[in-house]
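Here is how the chains run, residue by residue.
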Amino acid sequence: MKKYILFLVVLVVTSCSKDDFSTQSAESKIVVEGWIEEGDYAQVLLSRSIPVTEMIDSTNVLNHVIRSAKITVSDGQTSEVLKVKNDKDRVPPFVYYGTTLKGEAGKEYSLKIEFLNRIVEATTKIPKTVAIKSAEYVKKTDSDTTGYVFVKFDDPVNEKNYYQIATRIEGKESIFVPSFYGNLDDKNFSTAAVSVQINRGVLLFPKTKFTPYFTDGDLIHVKLRTQNKEALDFWNSWQNEIVNSRNPIYPANTSLKSNIKGGIGIWAGYGQSTLIVKTPEKRKPF
């Protein structure tokens, strides 16, 4: 099962006090990043917000992860309580996941989180999938060793659609990461035949030094997601925070759009289409 998360969102930095979460501090928030894709099961990351006064690194993020909540997902007829597992490929290594309720386009899905005496809720709908026609690795010159990916797809006529493009580099990234400026509103398309240039998005605690480009030797998984307006607004607000603060890891404030009642973050349904792009073999040094 392919994974697509951006854990930065789960660690929204706020100015809350260092009171224990159970004290119900008015400024301490449950932070949600959850999604259900067409043809796949629900996944949720859950944490509490981190004070701006606290140092943040790959070790102390574990202190803010919520691992004992009850999370229920329902399509109105069938419900399931998500399980939680340890995933060593992630930081932090915990994710709530479904096993029985698989996402279907056109259906609405509710999310209910119960933790201590708090209840957090949200609803979302899965849009119809739009297929990727092609994805190609492009370099400015043949001698370059880096480039970008050029994605093509057809935007359905007389339908309102919002998109997100994400990538995962095999062997370097264990998750799909939203491309920088990869959130698209079809009102900005001049034609139904869409061609988009994308660069790599920002990943928290990457295994290798981050660069915005793809490199010769990469095997790139490219995903086109259809999303609803709430998800588009959320990811655009997240991206704007990164740009405005000039900080590739944490946003300057918590003005992120959200569809979560009783918390912050996003619960989103996505259509999805994926292609694999092979790049030229990396040149060996002489």
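Per chain, the residues get numbers from 1 upward, laid out in the order the sequence is written. At least 70 in pLDDT is required for a residue's local features to be given in this predicted model, at least 80 for side-chain atom pairs to be given and counted, and no such filter applies to totals for whole chains, interfaces and linings, which use all residues. To get the side-chain values, all heavy atoms of the structure are used, and hydrogens and water are removed first.

1. A few points about the sheet that holds strand 18 (residues 264-278)
Our working definition: Between any two strands, at least two bridges found by DSSP are needed for them to pair. Runs of H or I in DSSP of at least four residues are treated as helices and runs of E of at least two as strands, each being numbered from the N terminus. Angles run from 0 to 180 degrees between N-to-C directions of axes, and those axes are lines fitted to C-alpha atoms, restricted for helices to the stretch in contact.
With respect to topology, eight strands assemble into an open sheet ordered 7-8-3-2-18-17-13-14, the strand pairing being mixed. The two strands at the open ends of the sheet, each matched to only one other strand, are strand 7 (83-86) and strand 14 (177-185). Neighbour-to-neighbour, the strand axes of this sheet turn through a mean angle of 30°, independent of strand direction. Two elements, strand 3 (residues 41-48) and strand 8 (residues 94-102), share three bridges in a ladder whose sense is antiparallel. Bridging from a neighbouring strand, Tyr41 pairs with Lys102 of strand 8.

2. Notes on the sheet that holds strand 10 (residues 118-125)
Read across the open sheet, the four strands follow the order 6-5-9-10; overall the sheet is antiparallel. Of all the strands in the sheet, just strand 6 (79-81) and strand 10 have a single pairing partner and so form its edges. Looking at each pair of strands side by side, their axes are set apart by 15° on average, direction ignored. Sheet topology places strand 5 (residues 70-74) next to strand 9 (residues 108-115); five bridges connect them, and they run antiparallel. In the sheet register, Lys70 faces strand 9, and the bridge partner there is Glu114.

3. A word on the packing of aromatic side chains
Threshold: Working definition: a ring pair exists when centres of Phe, Tyr or Trp rings (six-membered ring for Trp) sit within 6.5 Å. Plane angles under 30 degrees give stacked, over 60 give edge-to-face, the rest tilted. A simple rule labels every residue: compare its accessible area, found with a 1.4 Å probe on the protein chains alone, to the largest value its type can have, and call it buried under 20%, exposed over 50%, or partly exposed in between. The rule for a charge over a ring is simple: NZ of Lys or CZ of Arg within 6 Å of the ring centre, and within 35 degrees of the ring normal.
The final tally for this structure, using the stated rule, is five aromatic pairs. Centre to centre, the rings of Phe234 and Trp235 are 5.1 Å apart; their planes meet at 80°, and the pair counts as edge-to-face. Across this residue pair, the class does not change: Phe234 and Trp235 are buried. The residue whose ring lies beneath Lys85 is Tyr97, and the NZ or CZ to ring-centre distance is 4.8 Å. Lying across the ring of Phe176, Lys223 places its NZ or CZ 4.5 Å from the centre.

4. A word on the pattern of salt bridges
Operational definition: Every case where a carboxyl oxygen of Asp or Glu lies within 4 Å of a side-chain nitrogen of Lys or Arg is listed as a salt bridge.
Under the definition given, this model contains twelve salt bridges. Two residues, Lys107 and Glu104, come together in a salt bridge whose shortest N-O distance is 3.5 Å. Residue class for Glu104 comes out partly exposed when judged on its relative accessible area of 40%. Between Lys133 and Asp154 there is a salt bridge whose closest N-O contact spans 3.7 Å. Taken together, the residues span a long stretch of sequence, with Lys133 in strand 11 (residues 132-138) and Asp154 in strand 12 (residues 146-154) at a distance of 21 residues. Assessed through its relative accessible area of 38%, Asp154 is described here as partly exposed. Connected through shared salt-bridge partners, Glu37, Lys223 and Arg225 make up one network.

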